[in-house]
Amino acid sequence: MSVKIGIPRGLWFYDYFPLWKTFYEALGAEVIVSDITNKAILNQGVKNTVDEACLPVKIFNGHVLALKDKVDYIFVPKIMSVYEKEYICPKFCGLPEMVKHSIANLPPMIDIEINFNKSRKSLIKTIYLFGSYVTKNPIRIRTAYLKALEEYNKYKEAMKAGYIPIDGYLQKDQSKLNIKPKTRIAAIGHSYQLFDSYGSMSLIKKLQKENIEVVIPESLNMKSINNLASSLEKKMFWSYGRKTLGTALHYTKNKDIDGIVYISSFGCGIDSVIEDIFERWARKSNIPFLLLTVDEHTGEAGINTRLEAFIDMIDWRLNNEGNLSTHG
Ligand code: SF4
């Protein structure tokens with residue numbers, strides 16, 4: 001019988017899922033992914049996480065709970081850094097410990113550290129450690145990893161080609177479906193919030209329903225985002241922050257969009273710095289900017305009203321007065 005590995009549909013999932021799924025399946029494991037986020041998952045997460053945690057961490061814990069009695073191992077890597085000389089949010093670094101202390105009776109956890117600040121030799125060892133939960137054969141692990149890397153690169157290319165991983169399923173945006181969109185809006189946020197329909201209150205779907213072409217940070221070339229981010233006076237050491245600021249610089253310089261919606265999580269330390277800078281740049285460039293900060297108590301009706309007003313304001317600017325204030 002094959003080993004069952006549970007992958008929670010939260011946090012790093014939206015960035016790396018194809019890589020880890022392919023890796024473990026190529027090794028012969030059965031990969032079980034938790035369902036798309038729903039009310040029950042969120043409620044369980046909220047009940048089993050410290051109040052101070054951000055919404056994405058609460059959602060992640062809900063997904064772990066949904067998997068806990070169905071699998072042999074739960075995949076919760078300890079992600080310290082995914083780029084050299086950068087770090088990920090501390091919540092990612094301490095995720096295995098947070099999960100272990102929040103949820104009782106968990107199956108064994110695959111909690112190996114991923115740290116790109118360490119040597120190449122240590123990264124290779126990391127891959128073998130991840131694979132060792134299924135096989136001790138290094139050749140099989142290497143082959144599986146190369147296959148996984150290929151899938152991961154395809155996933156990134158698909159996003160550049162206009163696909164959006166809503167709830168983890170790649171979907172083509174409207175402009176590629178030959179429906180002429182009336183407006184182009186950049187939807188920005190951390191992948192695990194932006195692409196989680198429940199966590200983002202279906203932000204992308206709502207925009208697309210209004211016949212708006214949605215672009216995401218992943219639609220852009222990461223090399224050019226990194227180059228732009230490196231022009232900042234001070235280096236941004238948080239990977240998600242660097243990606244967001246590079247994206248902001250791209251859109252505020254190129255002005256090839258009609259507006260920006262930034263979705264953020266209440267209590268996120270990184271966002272409290274980033275969103276303020278982002279908003280100032282957008283105003284300076286005269287690009288309409290909407291900040292939506294959500295937590296588990298946010299009501300959908302309030303989000304809908306703000307989004308509708310924002311879209312109306314953009315339409316008005318496009319059709320009537322271009323000098324209308326960018327924030328209503
Ligand atoms: S970056 Fe912000 S939203 Fe993401 S896990 Fe950290 S605190 Fe939460």
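Remember, predicted model here, so these are calculated numbers, not experimental data.

Student: Before we go on, may I ask you to explain the overall build of the protein in this structure?
Tutor: On a plain count of helices and strands, the protein comes out with 13 helices and 12 strands. By the compact-globule yardstick of 20 Å for 328 residues, the protein fits well, its C-alpha radius of gyration being 20 Å. Across its three principal axes, the protein shows a C-alpha extent of roughly 65 × 40 × 40 Å. Across the 328 residues that make up the protein, the buried fraction comes to 53%. In the protein, the share of contacts with a sequence separation of at least 24, taken over all contacts with a separation of at least 6, comes to 70%. Carbon and sulfur atoms make up 53% of the accessible area of the protein, which amounts to about 15400 Å² in all. Counting 43 positive and 36 negative side-chain charges, the protein places the averaged centre of each group 6 Å from the other.

Student: What should I look at first to understand unusual backbone geometry in this one?
Tutor: Glycine aside, the phi torsion of most residues is negative, and most peptide linkages are trans. At leucine 11, a residue that is not glycine, the phi angle is positive and equals roughly 45°. Mapping leucine 11 onto the fold places it in the loop between β1 (4-7) and α1 (13-26). Residues other than glycine seldom take positive phi values, yet methionine 201 does so here, at roughly 55°. Along the chain, methionine 201 turns up in the loop between α8 (191-194) and α9 (203-209). Among the residues examined, methionine 201 registers a relative accessible area of 12% and is labelled buried.

Student: Any chance you could explain the nonpolar core here in plain terms?
Tutor: Formed by 100 residues in total, the largest nonpolar core has its most connected members in Ile7, Trp12, Trp20, Phe23 and Tyr24. It is α1 that provides the largest number of residues to this core, a total of eight residues. Per-domain counts for this core show at least three residues from each of domain 1 (4-157) and domain 2 (163-319).

Student: What should I look at first to understand the pattern of salt bridges in this one?
Tutor: Side chains that differ in sign of charge can pair as their charged atoms come close. For the coordinates displayed, the defined rule picks out 17 salt bridges. For arginine 184, the salt bridge identified is with glutamate 213, shortest N-O distance 3.4 Å. With arginine 184 in strand β9 (residues 183-188) and glutamate 213 in strand β10 (residues 212-215), this residue pair connects regions lying 29 residues apart in the sequence. By relative accessible area, which is 25% here, arginine 184 ends up partly exposed. We classify glutamate 213 as buried; its relative accessible area is 13%.

Student: Can you help me understand a nonpolar patch on the surface in this one?
Tutor: A cluster of nonpolar residues, Tyr87, Trp238 and Val273, forms a patch on the protein surface that exposes about 260 Å² of accessible area. Within the secondary structure, valine 273 is located in helix α12 (residues 269-284).

Student: Would you mind showing me how to read the domain arrangement of the protein here?
Tutor: When the parts come together, some accessible area is lost, and that loss is often what is quoted as the size of the interface. Parsing the protein into structural domains produces domain 1 (4-157) and domain 2 (163-319). Each of domain 1 and domain 2 has a C-alpha centre, and the two are 25 Å apart. Carbon and sulfur atoms supply 59% of the area buried between domain 1 and domain 2, which totals about 2400 Å² over both sides. Interface area lost by domain 1 to domain 2 is led by Tyr14, Leu55 and Glu86, which between them contribute 26%. The interface formed by domain 1 and domain 2 contains three salt bridges.

Student: Where do I start with the packing of helix α11 (residues 239-254) against α12 in this structure?
Tutor: When two helices pack together, their arrangement is given by the angle between their axes and by how far apart the axes lie. Running from N to C, α11 and α12 point in directions that differ by 5°, and their axes come no closer than 10 Å. One element, α11, and the other, α12, form an angle in the roughly parallel class. Here Gly241, Thr244, Leu245, Ala248, Leu249 and Thr252 of α11 lie close against α12, whose contacting residues are Ile270, Ile274, Ile277, Phe278, Trp281 and Ala282.

Student: Help me understand the packing of aromatic side chains, please; the structure alone is not making it clear to me.
Tutor: To describe a pair of aromatic rings, you give the distance between the ring centres and the angle between the ring planes. Using the criterion set out here, one finds 19 aromatic pairs in the structure. Consider the rings of tryptophan 20 and phenylalanine 130, whose centres lie 4.6 Å apart with planes at 50°: the pair is tilted. Here phenylalanine 130 lies in helix α6 (residues 120-131) and tryptophan 20 lies in helix α1, a separation of 110 residues in the sequence. Assigned by exposure class, tryptophan 20 and phenylalanine 130 land together as buried. Between phenylalanine 92 and tyrosine 240, the ring centres sit 5.7 Å apart and the planes meet at 35°, which makes this aromatic pair tilted. Residue phenylalanine 92 is found in helix α4 (residues 90-93), and its partner tyrosine 240 is found in helix α11; the two are separated by 148 residues along the sequence. Judged by relative accessible area, phenylalanine 92 falls into the buried class, the value being 2%.

Student: Help me out: how do you make sense of the site of the ligand in this one?
Tutor: Taken together, Cys54, Pro56, Cys89, Lys91, Phe92, His190, Tyr192, Cys268 and Ile270 make up all the residues around the ligand. When grouped by side-chain class, the residues that make up the shell around the ligand number seven nonpolar, one polar and one charged.

Student: Is there a simple way to explain the packing of α6 against helix α7 (residues 138-160) in this structure?
Tutor: Closest axis-to-axis distance for the α6/α7 pair is 10 Å, and the angle between their directions is 105°. In terms of orientation, α6 and α7 fall into the roughly perpendicular class. The residues of α7 that touch α6, namely those facing Ile127, Tyr128 and Gly131, are Pro138, Ile141, Arg142 and Tyr145. Looking at the contact of α6 with α7, its residues break down into five nonpolar, one polar and one charged.

Student: Even after reading the chapter, I still don't get the environment of phenylalanine 23, so can you show me in this structure?
Tutor: Position of phenylalanine 23 relative to the elements: it lies in helix α1. Judged by relative accessible area, which is 1%, phenylalanine 23 ranks as buried. On a C-alpha basis, the gap between phenylalanine 23 and glycine 299 in space is 39 Å, while along the polypeptide they are 276 residues apart. Beyond its immediate sequence surroundings of up to four residues, phenylalanine 23 is in contact with Ile127, Phe130, Gly131, Ile141, Ala144, Tyr145 and Ala148.

Each value, and the rule that gives it
Residues numbered from 1 in each chain as written. Predicted model: local features only at pLDDT ≥ 70, side-chain atom pairs only at ≥ 80, totals over all residues. Heavy atoms only, no water. Helix = DSSP H or I, 4+ residues; strand = E, 2+ residues; numbered from the N terminus. Rg over C-alpha atoms; globule rule 2.2 N^0.38 Å. Buried < 20%, exposed > 50% of the residue type's maximum accessible area, 1.4 Å probe, protein only. Contact = heavy atoms within 4.5 Å. Areas by Shrake-Rupley, 256 points an atom, 1.4 Å probe, with all protein chains shown as cover. Lys, Arg positive; Asp, Glu negative; His and termini not counted. Charge placed at Lys NZ, Arg CZ, Asp CG, Glu CD. Core = buried A, V, L, I, M, F, W, Y, C linked by side-chain atoms within 4.5 Å. Domains from an automatic or database assignment. Salt bridge = Lys/Arg side-chain N within 4 Å of Asp/Glu carboxyl O. Patch = residues over 30% accessible without salt bridge, like charges linked within 9 Å, V, L, I, M, F, W, Y side chains within 5 Å. Buried area = accessible area lost by both parts, 1.4 Å probe. Axes fitted to C-alpha atoms, helices over the stretch in contact; angles between N-to-C directions. Parallel < 35°, antiparallel > 145°, perpendicular 65-115°, else oblique. Phe/Tyr/Trp six-rings, centres within 6.5 Å; stacked < 30°, edge-to-face > 60°. Near = heavy atom within 4 Å. Nonpolar A, V, L, I, M, F, W, Y, C, P; charged D, E, K, R; others polar.

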